[in-house]
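Close look at the chain arrangement
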Amino acid sequence: MSKKYLFPTFEAGKHLFTKNIQGAIINLNLIRLKKEPDYSEYPDLKPNEKTSSWDAYLTYIRETEPYLKESGGEILFIGKGDQFLIGPESEYWDMCLLIRQKSVNDFFGFEKNEAYMKIMGHRMAAVEDSRLLPLEEVLLNTQRIK
C-alpha cells in the first residue's frame, strides 16, 4: 500500500515559512476521495442521512469558506478531476482546487483557527489521499529588452 498524505509535515511547513514569500500564494490542492465517507472518529459531524465522500468534502468546503474569507483567502477554482493526460496513468485525483491566500502568514493563521479545526472532520471523513502545492506568483518583466 502506498503512503497517504493528509497533513503537511513539520519540515514542509518550516520550508514554506522560511522561503519568505512576499505576497499571495495560490495553493493547488489535489484530492482523492474515499469510496464512502468514514465519520467514525467524528460522530458529532456525521450527517443523519447517508452521504457520499464528494458531498462530505463539499460540506467541508462550504463550512470552511467563511473562515477562509475571514483570513483574506478565497476559492479560485473547484474542478472534478480524473487521470492525468501527462503523468502516471495509474494516478488519478477526484477533485482539484485552487485556493488563494493573501500571505503565507495568513495561510498558517487560517490553519490554526479553532472554529475551522472543529469542522476538519468532514475533510478527514472524505479524503483518501491529497497533495497541496503552494505556488508563488512569478511576475514577468513585460518591458521589451533593448
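Before going into details, it helps to say that this report is about the structure given with it. Everything quoted here is computed from the prediction, not taken from an experiment.

A short note on the packing of aromatic side chains
Considering all chains together, one arrives at five aromatic pairs under this definition. Ring plane angle 50 degrees and centroid distance 5.2 Å describe the contact between Tyr57 and Tyr60, whose orientation is recorded as tilted. One end of the pair, Tyr57, and the other, Tyr60, are both in helix α2 (residues 53-70), three residues apart, so they sit about a helical turn from each other. The residue whose ring lies beneath Arg32 is Tyr92, and the NZ or CZ to ring-centre distance is 4.8 Å. Its end group placed over the ring of Phe7, Arg123 keeps NZ or CZ at 5.9 Å from the ring centre.

Points about the pattern of salt bridges
Enumeration over the complete set of coordinates arrives at five salt bridges. As a salt-bridge pair, Glu36 and Lys50 come within 3.9 Å of each other at their nearest N and O atoms. Here Glu36 is found in the loop between β1 (25-33) and α2, whereas its partner Lys50 is found in the loop between β1 and α2, with 14 residues between them in sequence. Using a relative accessible area of 52% as the deciding quantity, one classes Glu36 as exposed. For Asp129, the salt bridge goes to Arg131, with nearest N and O atoms at 2.9 Å. Under the relative-accessibility criterion, Asp129 is labelled buried at 2%. A relative accessible area of 31% places Arg131 in the partly exposed class. The structure contains a network of salt bridges with shared partners spanning Arg32, Asp129 and Arg131.

Things to note about the packing of helix α1 (residues 10-18) against helix α3 (residues 104-111)
Running from amino to carboxyl end, α1 crosses α3 at an angle of 145 degrees, the nearest separation of the two axes being 10 Å. For α1 against α3, the interelement crossing comes out left-handed. Contact with α1, carried on its side by Gly13, Leu16 and Phe17, involves Val104, Asn105, Phe107 and Phe108 of α3 and no other residues of that element. Tallied by class, the residues present in the contact of α1 with α3 amount to five nonpolar, two polar and no charged.

About the cut-offs
- Sequence positions are assigned chain by chain, starting from 1 and proceeding in written order.
- Local features are withheld for residues below a pLDDT of 70 in this predicted model, meaning they are given only at 70 or higher, and side-chain atom pairs are given and counted only at 80 or more; totals for whole chains, interfaces and linings count all residues.
- Note that the side-chain values use all heavy atoms of the structure and ignore hydrogens as well as water.
- Any two of the Phe, Tyr and Trp rings considered here, Trp counted by its six-membered ring, make a pair once their centres fall within 6.5 Å; the pair's planes then place it as stacked at under 30 degrees, edge-to-face at over 60, or tilted in between.
- Helix numbering and strand numbering both begin at the N terminus, where a helix is a DSSP run of H or I of at least 4 residues and a strand a DSSP run of E of at least 2.
- Placement of a positive charge over a ring is assigned whenever Lys NZ or Arg CZ falls within 6 Å of the ring centre and within 35 degrees of the normal to the ring plane.
- The term salt bridge refers to a side-chain nitrogen of Lys or Arg lying within 4 Å of a carboxyl oxygen of Asp or Glu.
- With a 1.4 Å probe rolled over the protein chains alone, any residue whose accessible area is under 20% of its type maximum counts as buried; one over 50% counts as exposed, and the rest are partly exposed.
- Every angle, taken between N-to-C directions, lies between 0 and 180 degrees, and every axis is a line fitted to C-alpha atoms, over only the stretch in contact when it is a helix.
- Less than a right angle of anticlockwise turn of the near helix away from the far helix marks a crossing as left-handed, whereas a clockwise turn marks it as right-handed.
- Two residues form a contact once any of their heavy atoms are found within 4.5 Å.
- Residues are sorted three ways: Asp, Glu, Lys and Arg are charged, Ala, Val, Leu, Ile, Met, Phe, Trp, Tyr, Cys and Pro are nonpolar, and all the rest, Gly among them, are polar.

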